[in-house]
Every structure is written in C-alpha cells, then in structure tokens.
Amino acid sequence: MTINWNELGFNTRAVRVGQVRSQEGEHSEALFPTSSFVFDNAAQAAARFAQTEPGNIYSRFTNPTVRNFEERLAALEGGERCMATSSGMAAIFSTCLGLLKAGDHLIASQSIFGATVTLLNNILSKFAIQTTFVNLTDLDSWRAAIQPNTKLFFLETPSNPLTEIADIRALAELAHAHHCLLVVDNCFCTPALQRPLSLGADIVIHSATKYLDGQGRCIGGAIVGSERLVGGDIFAILRSGGPTMSPFNAWIFLKGLETLQLRMQKHCDNAEILARWLATQAAVERIYYPGLPSHPQHNLAKTQQNRFGGLVSFEVKGGQELAWRVIDSTRIMSITANLGDVKTTITHPASTTHGRITPEQRRAAGISDGLIRISVGLEDIEDLQADLSRGLNP
Ligand SMILES: *Cc1c(COP(=O)(O)O)cnc(C)c1O
C-alpha cells in the first residue's frame, strides 16, 4: 500500500519521506557515490536517455541519494518538486536562468544576501536581465517598480540582519495580478517555521548550507515549487548546466532534515530568551527580533510564521568600538559570518557582510556601526548570556 505523506505530520515526513531501501535492507538511508548507472541492455539505455522510461542515468541530474533529499524537502515545503543544487547561490542562479531571458526585468528586496545582490547586479545584467531593488516591507514600492517586462519578484523574510518581515500573501497577490512569479528565499525560517508556497509563493529557495544541514558541514542548495516550473525550465538548467549537489552532501542534508523541527524549536527558545535578556541590558540601544512585541511587524510574523527564528540583531550604544569589544570578549561564540549552525555565531555586519558598500548605502540599509548579529545556537542559554555580558558589562 502506498502512503499518502501529505496526510502525515511534519516530523514523520522529515524522518521517512523518500527512502528507497536496497536489497541489503539497510535501516539508514543509503549513500550512492556513483557518477553513472548501468543499463540492462541497449534498448533500456536508449529509453532512459529519451526519458520514456524513468530511472537513473548519470549523477549530474539523477542520483538516488540526491532524489531522497529532494523528495523529503519537497514534502516539508508542500511543493510538488524539488531540485537540489551545489549551493544556495546555484539555486538562485538556476532559478533565474531557468525562468528569465534577455530583456526580462525582476524586482528584488534590497535586504537580501550580499552575493545575491552581486549576482543580480553584475552577472545577470550581462545577459540583459535587469533588476530593481525595493524596500522589503513597502508594498507600494514593489507596485511602483513593476514594468511591462517584469517577470519575477525575489525576497527573503525575515531579512538579514534586521529581521524585517515581508507580507508573503500580499506580495504573491500583487505578483500574480501582473503575471509575475514570487520567489522566496526561505533560508532563515526553513519549512519548520514558515511555508511560503502555502501563502501563495511560486518558488522556495534554500541555502541548505544553513539550518537544513544545521551543523555547518556542507555547502548546498535547493529549489522547491511546481512540477511545471521546477521540473521544466529549471531542471533543464541542471541537466545541461550542471550545478549539481553531490550525493554525499545530499546524504548529510537529508539526515539534517530528520532533526530540523527539533533543532529549530531550540534555536527559537534560545533566541527568544536572549532577545528578552538583551532588552534588560543598559548598553543595548535597540533589538531586532520579530518575537518582541516592539518589532514593527511582530503581528505579521505571528500570522505567517510558527515561531520567530534563531537570528537576533542588536545595536550597542558605543558604536563600532563597543560592538567590537563585545565580539572580542566572547569565548564561546564563534566569530564567523555563517549562520544556522548548532554553534552560536557572532558578526559585525558593518565591517564584514556589509563592509564593501559605502557608509551612505549602509545608513540607508539601516546597518549602523554598533550593530551586532547573532545566529543563536543550541548551547546552554546561561553560557551565551555570560559570554555577551563580559563585553556589555565590563
Ligand atoms: C547563505 C545564503 C545564501 C547563499 O547560500 P550558499 O549555500 O552560501 O551559496 C543565499 N541566501 C541566504 C539568505 C543565505 O543566508
């Protein structure tokens, strides 16, 4: 009897979907590190290549371990089809190459990952695909940026590092009214906290490098959406362009999915406690966390996310000097720009992730010199508080 996974709970899907046991009867998912696959005869080889018979051909575009990860993530996001990629950036690049052509225009939130801005500005522009950047939370600025050749809206929510929340449902309606697709980078929430497809988005993007792995081991990405979009023009980029996820990385990520919900709950627990504790610290000027009632989109976050996520940013009163002292006084947190790890990471955005833009651009983006971003990990919260307290209260 086949199982209808859609009727089962999130954690059951996270642990079970996509596994196909081999004749060895292995309990854990098998890893298939093989570049190609053997056919019974020449006619079968011909049928596989013509795609008249389903089955494995070559691991650039068909591998059982990668498929296991893809089916599991698709089931968690509520999408028909997932395509895994070699990185999060490869997922964004493949989506744009698959869905856009020369002369098309896209609208992107100005609060997106730095490499995504560079990809849109410096690389896609070479192929005559132009981007307009707008304010994530200002629906009117999205509407005003629409042109006759606009094909796609792109955003991240919550944004990094200021945790602004986009109204996915409203933006999906606006996009569809103008025959555009809405693409949401769901890296920060993961399907454990937010499912953009159920709110009207057409495509979900992941940097699997972050929470899907959750332990900082591998680089990878994924695209989830309809069979028509992901299985059609986007899959064509994978098959002929080759931004492929390795079977080993897929195995790491599919095992990561098994504990995703559990980890995200603890990331959220720790982040909520830390944000409330930061609010009691005299040296802290302002906190950016959607879980605080003072956050401008707190109510929107409550309706479109299950919980508020693991990223907390805050401004200290002493500018860069105090921010660096807080960072340099930590002994447990890792000073690194990565996020979504069980290990807490601490970053100074103004001099790292946003260090290459001008001070005026930084001010416009709301990135002050006193801003610190923390990706809250799974250590004991008392130890994280003590780690920050050393610099905040010397
Ligand atoms: C890290 C990140 C990416 C890029 O992913 P890679 O796996 O590093 O290529 C894209 N979007 C967001 C929101 C990210 O945090």
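Small disclaimer: the values here were computed from a predicted structure and weren't measured. (Residues numbered from 1 in each chain as written. Predicted model: local features only at pLDDT ≥ 70, side-chain atom pairs only at ≥ 80, totals over all residues. Heavy atoms only, no water.)

**A look at the pattern of salt bridges**
- Tallied over the entire structure, the rule returns 13 salt bridges.
- Salt-bridge contacts for Arg48 lead to Glu53; the nearest nitrogen and oxygen are separated by 2.9 Å.
- The closest approach of N and O atoms between Lys255 and Glu258, which form a salt bridge, is 3.2 Å. Taken together, the residues span about one helical turn, with Lys255 and Glu258 both in helix 10 (residues 247-258) at a distance of 3 residues.
- Taken together, the salt bridges that share partners define one network made up of Glu29, Arg72, Lys255 and Glu258. (Salt bridge = Lys/Arg side-chain N within 4 Å of Asp/Glu carboxyl O. Helix = DSSP H or I, 4+ residues; strand = E, 2+ residues; numbered from the N terminus.)

**Side note on the site of the ligand**
- The full set of residues close to the ligand is Ser87, Gly88, Met89, Phe113, Glu156, Asp185, Cys187, Phe188, Ser207, Thr209, Lys210 and Gly220.
- Note that a nitrogen atom of the ligand is positioned 2.7 Å from one of the side-chain N or O atoms of Asp185.
- Coverage of the ligand by the protein amounts to 92% of the 380 Å² it exposes when considered alone. (Near = heavy atom within 4 Å. Polar contact = N/O pair within 3.5 Å; in protein donor to acceptor, adjacent residues only side chain to side chain. Areas by Shrake-Rupley, 256 points an atom, 1.4 Å probe, with all protein chains shown as cover.)

**A closer look at the UniProt feature "modified residue: N6-(pyridoxal phosphate)lysine" (unreviewed entry) in the protein chain**
- Within the UniProt annotation, "modified residue: N6-(pyridoxal phosphate)lysine" (unreviewed entry) is assigned to Lys210.
- Tracing the sequence through the fold places Lys210 in the loop between strand 6 (203-207) and strand 7 (221-225).
- Looking at Lys210, the relative accessible area reads 11%, which means it is buried.
- Beyond its immediate sequence surroundings of up to four residues, Lys210 is in contact with Phe113, Cys187, Asn338, Leu339 and Gly340. (UniProt positions renumbered as here; feature names shortened; annotations may be inferred. Buried < 20%, exposed > 50% of the residue type's maximum accessible area, 1.4 Å probe, protein only. Contact = heavy atoms within 4.5 Å.)

**Describing the sheet that holds strand 9 (residues 311-316)**
- Across the sheet, 5 strands lie side by side as 8-9-12-11-10; this open sheet has mixed pairing. Looking along the sheet, the strands with just one partner apiece sit at the ends: strand 8 (284-288) and strand 10 (334-335).
- As defined by bridge partners, strand 10 adjoins strand 11 (residues 345-347) across 2 bridges and the pair is classed as parallel. If you follow Ile335 over to strand 11, its bridge partner there is Ile346. (Pairing = 2+ DSSP bridges.)

**Some words on the pairing of strand 3 (residues 130-134)**
- Across 5 bridges, the pairing between strand 2 (residues 105-109) and strand 3 is parallel. Looking at the pairing, Ser109 lines up with Val134 of strand 3.
- In this fold, the crossover linking strand 2 to strand 3 by way of helix 5 (residues 114-123) has right-handed handedness. (Right-handed = clockwise from strand over helix to strand, strands pointing away.)

**What to know about the domain arrangement of the protein chain**
- The domain boundaries assigned to the protein chain delineate domain 1 (5-258) and domain 2 (262-392).
- Each of domain 1 and domain 2 has a C-alpha centre, and the two are 27 Å apart.
- Counting residues at the interface gives 28 residues for domain 1 and 33 residues for domain 2.
- On the domain 1 side of the interface with domain 2, the three residues burying the most area are Leu162, Leu193 and Tyr211, jointly 30% of the side's total.
- Here domain 1 is connected to domain 2 by 0 salt bridges.
- Counting residues per element, the side of domain 1 that touches domain 2 draws most heavily on helix 8 (residues 190-193), which supplies 3 residues. (Domains from an automatic or database assignment. Buried area = accessible area lost by both parts, 1.4 Å probe.)

**Quick notes on empty space enclosed by the protein**
- Taken as a whole and assessed by the stated rule, the structure comprises 1 cavity of 30 Å³ or more.
- The computed volume of the largest cavity comes to approximately 60 Å³.
- Residue lining of the largest cavity: Pro158, Ser159, Thr163, Phe188, Tyr211, Phe308, Gly309, Gly310 and Leu311, and that is the complete set.
- Its residues assigned to classes, the lining of the largest cavity comprises 5 nonpolar, 4 polar and no charged. (1 Å grid on protein atoms, 1.4 Å probe; cavity = no way out; pocket = protein on both sides within 12 Å on 5 of 7 lines; lining within 4 Å. Points joined across faces, edges and corners; volume = space filled by probe spheres on them. Nonpolar A, V, L, I, M, F, W, Y, C, P; charged D, E, K, R; others polar.)

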